[in-house]
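# Close look at the chain arrangement
This is what each chain is made of:
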Amino acid sequence: DPRRDLAGKHVVITAGGTREPLDPVRFLGNRSSGKQGVALAQAALARGAWVTLIAANLEVPAPASADVRRVGTALELDAAVTDAAAHADVVIMAAAVADYRPAAVRADKIKKDDTGDSLLLELTRNPDILAGLAAAGRPGRLLIGFAAETEPDADRLLALGRTKMARKGCDFLVLNRVGWTEGFASDRNEITVLDRRGDIVCEASGSKLSVAERILDLIV
Ligand code: PMT
């Protein structure tokens, strides 16, 4: 690839979906496959970056030349990304992170003989990793968040993205619609990137790799 425009840069990317254990055999998860995060890693590697991929339960192979750190839960992802981000030039948070985890993890399998016809789960809020990284920001380090929303209306989707940008405080926010067939797992994506002021700086659709290239163009 002639564009070695990320040569010498350390790019940290989170990919996949976290899983929060309930007991030794079950978890609360989401449908992220890791394709978008892995596409970002592939594109960044091709452009000469040194890539640390924080991989949460990927359904696709991780690029061989990335420094891959496997994680399961949101708390593990938090620890891994905080560690890697300390020396990074760019951090891209494409993983789907659980906002809540079971308040207690049972030591033994939950049995329906014990719980009966309904089962109430108590959940505890996970830390907001992206907002935490933004608050502890370091000059010169770019922080890119994603926003996954199901809102069908384009104007309302944009408003949700702007609200999320204001809450997270990252440098760019990549807004994408998700649903039963959109965003998660599919090979395509449609993105709107917002800057800190909430202004649209890029709109792109196509393969997850082509969308990744557009995000990296902005970062460069
Ligand atoms: O993996 P694929 O199947 O290819 O699908 C790609 C994708 C749809 C998962 C991806 O493009 C995407 O949108 N990732 C972000 C999913 C998500 O968690 O979105 P969110 O709107 O819930 O979170 C907003 C941002 O905060 C994200 O950058 C997320 O990583 C981060 N976050 C969320 C919760 C939390 N406790 N801590 C966080 O840091």
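Heads up: these notes are all about the structure in this document. Keep in mind that this is a model prediction, so the values were computed, not measured. Counting from 1, residues in each chain are numbered in the order their sequence is written. Residue-level local features of this predicted model are given only where pLDDT is at least 70; pairs of side-chain atoms are given and counted only at 80 or more, and the full residue set underlies all totals for whole chains, interfaces and linings.

This paragraph deals with the sheet that holds strand E10 (residues 172-177). Think of it this way: DSSP has to see at least two bridges between two strands before they count as a pair. Each helix is a run of H or I in the DSSP string that is no shorter than four residues. Each strand is a run of E no shorter than two, and both are numbered from the N terminus. Here eight strands make up an open sheet; going across it, the order is E5-E4-E1-E6-E9-E10-E11-E12 and the pairing mixed. Two strands close off the open sheet at either side, each with one partner strand: strand E5 (67-71) and strand E12 (200-207). With direction set aside, neighbouring strand axes in the sheet form an average angle of 15°. Looking at chain direction, strand E6 (residues 90-93) and strand E9 (residues 142-149) are connected through four bridges and run parallel. Think of each axis as a best-fit line through the C-alpha atoms, taken over the contacting stretch in the case of a helix, with angles from 0 to 180 degrees between the N-to-C directions.

This part is about the site of the ligand. The ligand sits among 27 residues. The nearest are Ser33, Lys35, Met93, Ile129 and Leu130. Elements with a contribution of two residues or more to the shell around the ligand: helix H1 (35-46), helix H4 (129-135) and E9. Ranked by the residues each element gives to the shell around the ligand, the list is headed by E9, at four residues. Its residues placed into classes, the shell around the ligand shows 14 nonpolar, nine polar and four charged. Placing the C-beta atom from the backbone, one calls a residue near a molecule or strand if that atom lies within 6 Å of it. Three classes are used: nonpolar for Ala, Val, Leu, Ile, Met, Phe, Trp, Tyr, Cys and Pro, charged for Asp, Glu, Lys and Arg, and polar for all others, with Gly counted as polar.

In terms of strand pairing, E9 meets E10 through six bridges, oriented parallel. Residue pairing for E10: Ala147 is matched across the bridge by Leu175. Regarding topology, helix H5 (residues 154-168) serves as the crossover connection from E9 to the parallel E10, and that connection is right-handed. Viewed with both strands pointing away, a crossover whose connecting path from the first strand over the helix to the second turns clockwise is right-handed.

Now for the environment of His10. Among the structural elements, His10 can be located in strand E1 (residues 10-16). Classification of His10 as partly exposed rests on a count of 19 C-beta atoms within 10 Å. On a C-alpha basis, the gap between His10 and Gly183 in space is 27 Å, while along the polypeptide they are 173 residues apart. Placing a C-beta atom from the backbone of each residue, one calls two residues in contact when those atoms lie within 7 Å. Not counting residues within four places of it along the chain, the set of residues in contact with His10 comprises Trp50, His87, Ala88 and Asp89. Any residue with 12 or fewer other C-beta atoms within 10 Å of its own C-beta is exposed, any with 20 or more is buried, and the rest are partly exposed; the C-beta atoms used are placed from the backbone.

For the rest of this paragraph, the subject is the packing of H1 against helix H6 (residues 208-219). Where H1 meets H6, the axes come as close as 8 Å, and the angle between the chain directions of the two elements is 60°. Taken together, the axes of H1 and H6 are oblique relative to one another. The two elements H1 and H6 cross, and the hand of that crossing is right-handed. Here H1 contributes Lys35, Gln36, Ala39, Leu40, Gln42, Ala43 and Ala44 to the contact with H6, which in turn contributes Lys208, Leu209, Ala212, Glu213, Ile215 and Leu216. Residues belonging to the contact of H1 with H6 are distributed by class as follows: eight nonpolar, two polar and three charged. Our angle categories are set so that under 35 degrees counts as roughly parallel, over 145 as roughly antiparallel, 65 to 115 as roughly perpendicular, and the remainder as oblique. Each crossing gets its hand from how the near helix is turned against the far one by less than a right angle, where anticlockwise is left-handed and clockwise is right-handed.

Treat this as a map of the structure, not an account of what it does.
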